[in-house]
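# Commentary on secondary and tertiary structure
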Amino acid sequence: MAAAKPQPADREGNVQDGLDAALTRHGLDVSPAEQVGLRQLVGWMQSGIAALPEEASPGAARAALDLSFVEQGRLLRNGTFTARALTEACLERITARDGAYRAFYAVLAERALADAERADSELANGHDRGPLHGIPVGIKDLIDVAGVPTTADAPGRADALAEADALVVSRLAEGGAVIVGKLATYEWGTVGPDKSGLFPPARNPWKLDHITGGSSSGSAVAVAGGMLRTTLGTDTGGSLRGPAFYCGVVGLKPTLGLVPDTGTLPMAASMDHVGPISSSVAEAALTLDVIAGSQASRLIGTSISGLRIGYGRDWFAQDPQTMPCVLAAMDAAMSTLSQLGAVIEEVSLPDYPAIEVAAAAVLHKESFDYHAANLRDHPQDYGRRCFLSLAAGLALTDEEVARARRAGAAFRADVDRLLGRFDALVTVGALTTALPAAPFEKEAVWTPMRTIGFNLSGHPVLAVPVGFDDGLPMGMQIIGRHHDEARIVQIGDAFEHATDHAVQRPPGLS
């Protein structure tokens, strides 16, 4: 043992008095010469302990909110701050920012602090549950959290208390995540933004008077607004990816069925997906690994040199709705992937308008069938725009829906054939940047996205930012083979690190 550091003279008397008392109390005999060394060692330890902070620095936890949750986890484990301090800092930031953004329907401070304290205790005792242990996470309000209403932003569900956590929430809890709140959605995942719901619609942090792009609005806004690093959303026609495109964050729609939907309110069962919206590709992949038991993160950081990527430029390049800035950003993104060593080839994707109408027919028929009795018996449970959206499937015949499903199966087969030649496909996310919200708040408006076909086909899709125009984000989709999330994550992560899109922040947050 190294020699003890000498103590200041004014401390020596106190140390000697304390040492004498302790020796007497414990009945130990120590010679005067031995007391000198013992006094120095005890004094050094006591002085050092007195200088230690009583608890982790709140400032360190606040600063860490803008780090990836991988880095937050490292700092938790080395004792820089506690999960409770991180959660308190998160709750403080939600209080400061969400009045403007309106991402949260309910902030679950009591549960969050209890989750955080349990995480601190487990980590202190060597029980490490993985990358989300001690990390704050938010849940879209179509997904059950025990003891909290799953409102779906619907008038008839204000008091619809969930009896148990949805399976994905249970898996987050098993992974040590801190559940901090329920996040905004369009009513029953249908149309919006709509001011007639239970809660005012979430607002895009980049421009508050522009749309968020889909029903997983609160999930994307919480991430884009710097209040959370990762959240859960749902995607039936693009409701997870659209908000990712329009809010400049990452959305990962997994393979159909990979993530269980037990405890999640349905929209169209054959097209519903649950997945993460996160600040970075790695964080989205790690979140998916927790809720799906997958290995989506296994190729992160590896080279994409030699991978073959099919570029579905024909899906948008000639469409009159496509903004020139979107086309330029997509072409630049493909150039970046080429510079990273990927082999890029333009491909012709199946006719988008055809698959869009087929998927819309299946979605509306399944959602109507689920709600038909309640629409008839309790119309007051719905906002009028949601009511009409759900009712749109009432006149579709079984043969029409069967024909739509056959079109979906053909689309899936066509995409599978392309993915037999390519490691992944890339195409645009939306034809425009986020549009002004005012027209959407007056009536239902079809958002110009290129997403819904992959809900019907079930392919995994990663949405990542590709640039900005006039202060608003743009995004692309990376489509992979079924159950090959790792490959699209590998490509998205490489692209993210080769650009600065993911580190941009909305006004006032940079």
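What you see is a predicted model, and the numbers here were worked out from it, not measured in a lab.

## Side note on the packing of helix 12 (residues 352–377) against helix 14 (residues 398–421)
- Two elements in contact, helix 12 and helix 14, have axes whose closest approach is 9 Å; the angle formed by their N-to-C orientations is 130°. One finds that helix 12 runs oblique with respect to helix 14. Helix 12 and helix 14 meet at a crossing whose hand is left-handed. On helix 14, the residues that touch I355, A358, A361, V362, K365 and E366 of helix 12 are D398, V401, A404, R405, A407, G408 and F411.
- Within the contact of helix 12 with helix 14, the residues separate by chemical class into eight nonpolar, one polar and four charged.

## Describing unusual backbone geometry
- Cis rather than trans, the peptide bond between G192 and P193 has omega equal to -5°.
- By the secondary structure assignment, P193 is in the loop between strand 3 (178–183) and helix 8 (217–224).
- We note that D153 has phi near 55°; this positive angle belongs to a residue other than glycine.
- Note that D153 resides in the loop between strand 2 (136–140) and helix 7 (167–174).
- Judged by relative accessible area, which is 5%, D153 ranks as buried.
- One non-glycine residue, D470, lies in the positive phi region at around 50°.
- Summarising the element assignment, D470 is placed in the loop between strand 10 (461–469) and strand 11 (472–479).

## Observations concerning the layout of surface pockets
- In this model, the largest pocket occupies a volume close to 560 Å³.
- Forming the boundary of the largest pocket are 31 residues, of which T190, V191, V445, W446 and T447 lie nearest the centre.
- Across the lining of the largest pocket, the residue classes tally to 15 nonpolar, 14 polar and two charged.
- Contributing to the lining of the second largest pocket are 16 residues, with R229, S280, E496, A502 and V503 lying nearest its centre.
- For the lining of the second largest pocket, the secondary structure elements donating two or more residues are helix 10 (281–292) and helix 17 (485–498).

Cut-offs used in this document
Residues numbered from 1 in each chain as written. Predicted model: local features only at pLDDT ≥ 70, side-chain atom pairs only at ≥ 80, totals over all residues. Heavy atoms only, no water. Axes fitted to C-alpha atoms, helices over the stretch in contact; angles between N-to-C directions. Helix = DSSP H or I, 4+ residues; strand = E, 2+ residues; numbered from the N terminus. Parallel < 35°, antiparallel > 145°, perpendicular 65-115°, else oblique. Left-handed = near helix turned anticlockwise from the far one by under 90°. Contact = heavy atoms within 4.5 Å. Nonpolar A, V, L, I, M, F, W, Y, C, P; charged D, E, K, R; others polar. Buried < 20%, exposed > 50% of the residue type's maximum accessible area, 1.4 Å probe, protein only. 1 Å grid on protein atoms, 1.4 Å probe; cavity = no way out; pocket = protein on both sides within 12 Å on 5 of 7 lines; lining within 4 Å. Points joined across faces, edges and corners; volume = space filled by probe spheres on them.

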